[in-house]
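Given next are the chains, with one letter for each unit.
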Amino acid sequence: MLILRCLHFSSEISTEDRLAKIRPIVDHFNKKMNEIYYPGKQLSLDESMVLWCGRLQFRQYIKNKRHKYGIKLYVLAEPEGTVLKFQIYGGAGDDTSGIGHTQKIVLKLLEDKLDSGHSVYMDNYYNSYDLATKLLDRQTYCTGILNKNRKGNPIDLATVTLRKGENKSLFLNGVHIGKWRDKRYVLYISTEHDNEMMEVTDKRGNVIVKPAAIIHYNKFMSGVDLQDQMVSYYPCERKTMRWYKNIFIHTLQMSVRNSSALKKFLQEAKKRKIADCSPDGIFEDGIIEMKCPVNEKNYVKNGQATEKYNAQMQIQMYGSIYTSAESKRIEASIQN
């Protein structure tokens, strides 16, 4: 309790930055995750809440969250729940506040991941036609549901009437906006998926035909919710009068959860056996792509892959979690 009482992270007093007391911790977390890990193609962006019932200028209320009152976080994560970057909502006066707030948040969280071909899945709080075109110009795809009152939506889709299971799509400048009817109308947007309809089996075993964009959205969107679920199993909240200490404890929980997920990923990668290795061989799971001269002495010895060969596999892994120092060491072993 004495450590918690004396805990602080910044001695700077700023009247402009409301998050100055916790800013070093947030920046350190985001910087370290960007240095040690690069994610796969699919990313999800959503809000998270840190419980806080005291007085605070930027306290928020979100009715569908476990903690309805608290401090809102904008989180960029992988579908498996690994948090890559997060930002605290600081209310009016923040650098992302004002007109176009949601676009600024998305571009801020994705600033290190643009121009790399990522697919970002977001809900109707963020998605819009303008944001989709901006991300597409930066070689980044977005998919998700769309608010029917969002500016830039096509007027034709607002008035169209559909039967259950029918889909209507419009395309403009590489952006696909569709309207599909299930139990109710669903408006969605995508710059990656066309108007293809796919079959999917529900929990009761019934086969339902849905748009491909909706199926992929349901599959990859739950990364932030999964992170919140895993953290809730081992709550570490402490009673405190300082809101920034709750943020610090929550950041520690996210770090521990990330460490567990990355360790599991690395162990599975090491245990993965070579399924097919030909001069143009590609692993069946699509994670590793390489050209493997299997008959060369430097790579295979007595039927076993050598350390040099394993090092080449590690360098070419998609979504590598090696630090820059480890990557240099592995590259040196390949050159030798």
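Caption draft 1: Representation of the overall build of the protein in the model. Regarding its fold elements, the protein presents 10 helices and 13 strands. Counting over 336 residues, the protein shows a buried share of 43%. Taking all contacts inside the protein whose residues are at least 6 apart in sequence as the whole, residues at least 24 apart take part in 53%. Of the accessible surface of the protein, which amounts to about 20000 Å², a share of 50% is contributed by carbon and sulfur atoms.

Caption draft 2: Main features of the layout of surface pockets. Reported here for the largest pocket is a volume of approximately 810 Å³. Taken together, 27 residues line the largest pocket, and the ones lying closest to its centre are Trp180, Asp182, Arg184, Tyr185 and Val186. Sorting the residues of the lining of the largest pocket by element identifies helix H5 (155-159), strand E8 (175-181), strand E9 (185-190), strand E11 (207-211) and helix H6 (212-220) as the ones contributing at least two each. Considering only residue class, the lining of the largest pocket consists of 13 nonpolar, 4 polar and 10 charged.

Caption draft 3: Representation of the nonpolar core in the model. Among the nonpolar cores identified, the biggest contains 50 residues, and Ile22, Ile88, Met122 and Trp243 are the most heavily contacted of them. Leave out the neighbours within four places in its chain, and isoleucine 88 touches Leu19, Ile22, Val26, Ile71, Lys72, Leu73, Asp94 and Ile247.

Caption draft 4: Up close: the packing of helix H7 (residues 223-232) against helix H8 (residues 243-271). Between H7 and H8, the shortest axis-to-axis distance is 10 Å and the interhelical angle comes to 105°. Taken together, the axes of H7 and H8 are roughly perpendicular relative to one another. Residues Gln227, Met230 and Val231 of H7 pack against Gln253, Met254, Arg257 and Asn258 of H8. Residue composition of the contact of H7 with H8, by class: 3 nonpolar, 3 polar and 1 charged.

Caption draft 5: Structural detail: the side chain of serine 44. Counting through the fold element by element, serine 44 comes out in strand E1 (residues 42-51). Exposure remark for serine 44: the relative accessible area of 0% places this residue in the buried category. Setting aside residues up to four positions removed in sequence, serine 44 forms contacts with Val75, Leu76, Ala77, Glu78, Tyr121, Phe220, Met221, Gly223 and Val224.

Caption draft 6: Inspection of the packing of helix H2 (residues 23-36) against H8 at higher detail. H8 packs onto H2 with a crossing angle of 15° between their chain directions and a minimal axis gap of 10 Å. Considered as vectors, H2 and H8 are oriented roughly parallel to each other. Considering only the axes of H2 and H8, their crossing is left-handed. Two secondary-structure elements touch here, H2 through Ile25, Phe29 and Met33 and H8 through Phe248, Thr251, Met254, Ser255 and Asn258. Partitioning the contact of H2 with H8 into residue classes produces 5 nonpolar, 3 polar and no charged.

Caption draft 7: Up close: the confidence of the model for the protein. With 78% of its residues at a pLDDT of 70 or more, the protein shows a mean pLDDT of 78. Within the model, the stretch residues 274-324 combines pLDDT values under 50 with 85 contacts to residues more than four positions away or in other chains.

Caption draft 8: Focus on the pairing of strand E5 (residues 119-122). Going residue by residue along E5, you find Ser119 and Tyr121 tucked away on one face and Val120 and Met122 tucked away on the opposite face as well. Summarising the sheet, E1 and E5 pair through 3 bridges and their orientation is parallel. Among the inter-strand pairings, glutamine 42 is bridged to a residue of E5, identified as serine 119. Where E5 meets strand E6 (residues 141-145), 4 bridges bridge the pair, whose relative direction is parallel.

Calculation rules
- Residues numbered from 1 in each chain as written.
- Predicted model: local features only at pLDDT ≥ 70, side-chain atom pairs only at ≥ 80, totals over all residues.
- Heavy atoms only, no water.
- Helix = DSSP H or I, 4+ residues; strand = E, 2+ residues; numbered from the N terminus.
- Buried < 20%, exposed > 50% of the residue type's maximum accessible area, 1.4 Å probe, protein only.
- Contact = heavy atoms within 4.5 Å.
- Areas by Shrake-Rupley, 256 points an atom, 1.4 Å probe, with all protein chains shown as cover.
- 1 Å grid on protein atoms, 1.4 Å probe; cavity = no way out; pocket = protein on both sides within 12 Å on 5 of 7 lines; lining within 4 Å.
- Points joined across faces, edges and corners; volume = space filled by probe spheres on them.
- Nonpolar A, V, L, I, M, F, W, Y, C, P; charged D, E, K, R; others polar.
- Core = buried A, V, L, I, M, F, W, Y, C linked by side-chain atoms within 4.5 Å.
- Axes fitted to C-alpha atoms, helices over the stretch in contact; angles between N-to-C directions.
- Parallel < 35°, antiparallel > 145°, perpendicular 65-115°, else oblique.
- Left-handed = near helix turned anticlockwise from the far one by under 90°.
- pLDDT = per-residue confidence, 0-100.
- Pairing = 2+ DSSP bridges.

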